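Structure at a glance
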Amino acid sequence: MTTGLTVLLVLLAAGVSALLLVLTGLSPSAALDAIWKGSLANADGWTTTLLNAAPLLLVAVGMCICTTTGTVNIGQEGQVLIGALAGAWVGLRLALPGPMLAVVVLIAAAVGGGVWAGLSALMHRYRGVNIAVSTLLMSFVAVQVISFAVGTQWLLQETVSASDMADAQSNPLPANAQLATFGQYPSLQLNTGLFLALIAAAGVFILLTRSRWGFKARMVGLNPVTAKHAGVRVGAVGGLTLAVSGALAGLAGGLLVASPIGTNRLTAGVSDNVGWDGLLVALVARNRPLATIPVAFLFGVLRAGGNFLSTTGVPYYLVDIVKALLVLAFVAPPVLIDLWRRRRGAAPTTARPVPVVPTKVESAS
């Protein structure tokens, strides 16, 4: 039932998207052709799609970790920004030989995002601040921090001659601080960041389903009271998952400055809504780490094709509307089915729990 309703809603979302294009005087077939040409029609399009999918996958996998413990982290956009800031600062300030600098850039980015998310965990622990609210508001603080950093000469603003005016951006990262790419234009090019994202998705899946810590995390998410009685430190597990989620989002920010997806400079708009789109990827994948891989690829297609579509005169906000409709199409079916069952008075069937200690009623039966 869920699968059928999902397919129906996806088709409905596609129809509504086509209708919006017609109402704005655009051709749905031409728009679809432009998205195809910009994302999957040739090797260059595939390269751009995979570059966009890698940071989205990292953010989504981090969200899956948080959701396992019932922790609501919606500040990935700010964590991506702080990760990009930390990575850019290390890449421009340290002089390390060879690819060691690129490794340190990624480590610094992950640490920056993890610390930024950890601040929300500390506020919740010591002041009782709601995590969802604090992570969201910290994103706005991160935007101001980035703007200050790239607009201050002694911090990260680009270096120019006395006669020129500096822009609000950093210097480009040196070549050895950038991630390696396999393949050459016009052939398919695979950046190292994609492999890191795939490894992270597989690692999180194994961690959550095959490790003792993952069992504790799932226990906390299902019933924190029971987990506490079983000896699990609920607060520590929740805070750690929030920090790990922020670290993966920060690592995505590191990819944005160290991979060919951008200009390898830190700017105020370097995140380009990667944090928000990564959150949507996790929602569509229903917080399953392996399912985020194809969904991140789909959103990578929309981002790459949408950028190409905007060059043809189609406003980019229509691509955002299409993404929103797709998210609703994938998220709505379980809710609608539950409402339908309640209206029919049919409660979801659950297996009868087996008592640990036989009672008199069980013995008599």
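Above this text you will find the structure in question.
Notes on the structure in this doc start here. (Residues numbered from 1 in each chain as written. Predicted model: local features only at pLDDT ≥ 70, side-chain atom pairs only at ≥ 80, totals over all residues. Heavy atoms only, no water.)

Mapped onto the secondary structure, Thr 47 falls in helix H3 (residues 43-68). Looking at Thr 47, the relative accessible area reads 6%, which means it is buried. A distance of 3.1 Å separates a polar side-chain atom of Thr 47 from the backbone nitrogen of Gln 189. For Thr 47, the residues in contact, after removing those within four places along its chain, are Ser 187, Leu 188 and Gln 189. (Helix = DSSP H or I, 4+ residues; strand = E, 2+ residues; numbered from the N terminus. Buried < 20%, exposed > 50% of the residue type's maximum accessible area, 1.4 Å probe, protein only. Polar contact = N/O pair within 3.5 Å; in protein donor to acceptor, adjacent residues only side chain to side chain. Contact = heavy atoms within 4.5 Å.)

This part is about helix H11 (residues 274-284). H11 sits mainly inside the fold: 8 of its 11 residues count as buried. Turning to H11, its buried residues number three or more, namely Val 274, Gly 275, Asp 277, Gly 278, Leu 279, Val 281, Ala 282 and Val 284. Each element contacted by the buried residues of H11 is listed here: H3, helix H4 (76-93), helix H10 (234-258), helix H12 (292-310) and helix H13 (317-344). Within two residues after H11, Arg 286 carries a phi angle of roughly 55°, on the positive side.

With 22 residues, helix H1 (residues 2-23) extends 31 Å from end C-alpha to end C-alpha; this agrees with the ideal 32 Å at 1.5 Å per step. Buried within H1 we find Thr 6, Leu 9, Ala 13, Ser 17 and Leu 21. What you see down the axis of H1 is that its buried residues fit within an arc of 120°, all on one side. Within H1, the exposed residues directed more than 90 degrees away from the buried face are Leu 8, Leu 11, Leu 12 and Leu 23. Where the residues of H1 are buried, they touch helix H2 (28-39) and H13. Once H1 finishes, Gly 25 follows within two positions and takes phi at roughly 80°, a positive value. (Expected span 1.5 Å × (residues − 1). Arc of directions from axis to C-beta.)

Another point: the packing of helix H7 (residues 192-210) against helix H8 (residues 212-222). Interaxial distance between H7 and H8 falls to 5 Å at its minimum, and their mutual angle equals 75°. With respect to H8, the axis of H7 lies roughly perpendicular. Facing Leu 207, Leu 208, Thr 209 and Arg 210 of H7, the residues of H8 in contact are Arg 212, Trp 213, Gly 214, Phe 215 and Arg 218. Each residue belonging to the contact of H7 with H8 can be placed in one class, and the counts come to 4 nonpolar, 2 polar and 3 charged. (Axes fitted to C-alpha atoms, helices over the stretch in contact; angles between N-to-C directions. Parallel < 35°, antiparallel > 145°, perpendicular 65-115°, else oblique. Nonpolar A, V, L, I, M, F, W, Y, C, P; charged D, E, K, R; others polar.)

Functional significance is not addressed by these values, which are geometric in nature.
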